Amino acid sequence: MTAAIAGTVLVLNSGSSSIKFQLVHPETAESVAHGLIERIGEPEGRIVFHHTTGFEEHLGAITDHRSGLRMVLDMIEGLGRPLREAGIVAVGHRLVHGGEVFHEPTLIDDAVVQAVADLSVLAPLHNPANVIGMEVAREELPDIPHVGVFDTAFFHDMPAAATTYAIDRDIAREHGIRRYGFHGTSHDYVSQRAAAFLGRDRADLNIIVFHLGNGASASAIAGGRPIDTSMGLTPLEGLVMGTRCGDIDPGVVMHLNRSAGLRVDAIDDLLNRRSGLKGMSGVNDFRALLRLVADGSEDAKLAYDVYVHRLRRYLGAYLVELGGVDAVVFTGGVGENNADVRRDALAGLGRLGIVVDPEANATRADTERRISAPGSEVEVLVIPTDEELAIARAADALAKSLPR
Ligand code: ADP
């Protein structure tokens, strides 16, 4: 087992109430171990740990991120040698908000940790957890490079017309209010894989990516550079999500405050955690939504229709922004697995050169694949995302570029 760990990158994704981790070989993409700690800070915490020789589950309270992460590192140590001698070559940290500061994989030092902490105003649930992840991992693995890969980075150079909100410019500047975009690692990875699948250079392609998971976002990528994306200052803007509303008239917020008497924290909770599919239908998981639709729930059917309507609205916008598209790509748990959403999002677009092949679309697989009909001008692809691998590769590349 120790031999298998040697040469891996440890990828850490410290979320608001969970930590995901993976030990992966950056070159071969072989995953040696992965797991999840969830419900941190709640009485019923849970740790799931998969490794090449088995699977472990632990239930019980996990008081905070610091102790959760120490448990992860202990479990990895339990696989063989002491952590520092196991041969891990780098730690890749998924970091959510890089603000205006970070736009590429970054070697983590004290100043970077402080800068990520300072950006917490823009991502109050995520950046503080990211900071703890960096602090603990650096204490436990002090002798190898730690690399931050930012969810916002890929979108850093989008055109100003796409990143600027039409509000008072002084207030916008003072408070960093602009559109940043998220899921960037996935949009970047999936668009690269799409170009490779087509045997083309990404620089020659216009691509629209729909990343549809619990969170969901779309991007328009021209020649490898994103020109627009659906998430904004925070990951609340854009598509309909499991529990988030996506685009909404900001007047709703004022109305909820003035007429319903809700304060800002309650509105935050409502729009981030009790809206989207869950708000409209009672469930946030797409499979559960489809079961409700099949059982005849009108609320669930409407939620599905709103979800698809929003996808089509973004598709139309991005087709025009790009001035034509070579490939539409679906990824994320819903995008990879749900044929109905893909069919309905692209239905009736033959005049725009987009024709889905019903049989290819309905065929289940977990591989990269084409689902457009043979005569379709636009390629329609399903590309499984792998943010951990992308982070591991970025961390490994940066680590290898350092002077020894
Ligand atoms: P996250 O954003 O948390 O990484 P995922 O990308 O794993 O989320 O996507 C989770 C979503 O994918 C859930 O709504 C889940 O129901 C949906 N999903 C996963 N598998 C399937 C499937 N076979 N059919 C339909 N939806 C699926």
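Everything quoted here is computed from the prediction, not taken from an experiment.

Draft legend 1. View of the site of the ligand. The immediate surroundings of the ligand are formed by G213, N214, G215, D285, F286, R287, G332, G333, V334, N337, N338 and R364. In this structure, V334 approaches the ligand through a main-chain N or O atom, which is 3.3 Å from an oxygen atom. Starting from 590 Å² of accessible surface for the ligand in isolation, the protein chains cover 73%. Counting residues per element, the ones that place at least two in the shell around the ligand are helix 11 (286–294) and helix 13 (332–337). Of the residues that constitute the shell around the ligand, the class distribution is two nonpolar, seven polar and three charged.

Draft legend 2. Quick peek at helix 3 (residues 110–118). Turning to helix 3, its buried residues are V112, V113, A115 and V116. The buried residues of helix 3 all sit within an arc of 160 degrees when viewed along its axis, so they share a single face. Within helix 3, the exposed residues directed more than 90 degrees away from the buried face are D110 and A111. Where the residues of helix 3 are buried, they touch strand 6 (90–95), strand 7 (106–107), helix 4 (127–140) and strand 8 (146–150). N-cap assignment for helix 3: the residue whose side-chain oxygen lies 3.1 Å from the backbone N of A111 is D109.

Draft legend 3. How the structure looks around the packing of aromatic side chains. One pass over the full model with this rule turns up seven aromatic pairs. Considering the side-chain rings of F21 and F49, the 5.8 Å spacing of their centres and the 35 degrees angle between planes classify their relative orientation as tilted. With a gap of 28 residues between them, F21 in strand 2 (residues 18–24) and F49 in strand 4 (residues 46–51) connect regions that are remote in the sequence. The two residues F21 and F49 agree in class, both being buried. These aromatic residues form a ring-pair network of at least three members: F286, Y304 and Y307.

Rules used in this analysis
Residues numbered from 1 in each chain as written. Predicted model: local features only at pLDDT ≥ 70, side-chain atom pairs only at ≥ 80, totals over all residues. Heavy atoms only, no water. Near = heavy atom within 4 Å. Polar contact = N/O pair within 3.5 Å; in protein donor to acceptor, adjacent residues only side chain to side chain. Areas by Shrake-Rupley, 256 points an atom, 1.4 Å probe, with all protein chains shown as cover. Helix = DSSP H or I, 4+ residues; strand = E, 2+ residues; numbered from the N terminus. Nonpolar A, V, L, I, M, F, W, Y, C, P; charged D, E, K, R; others polar. Buried < 20%, exposed > 50% of the residue type's maximum accessible area, 1.4 Å probe, protein only. Arc of directions from axis to C-beta. Contact = heavy atoms within 4.5 Å. Phe/Tyr/Trp six-rings, centres within 6.5 Å; stacked < 30°, edge-to-face > 60°.

Everything listed here is a matter of geometry and, on its own, says nothing about what the molecule does.
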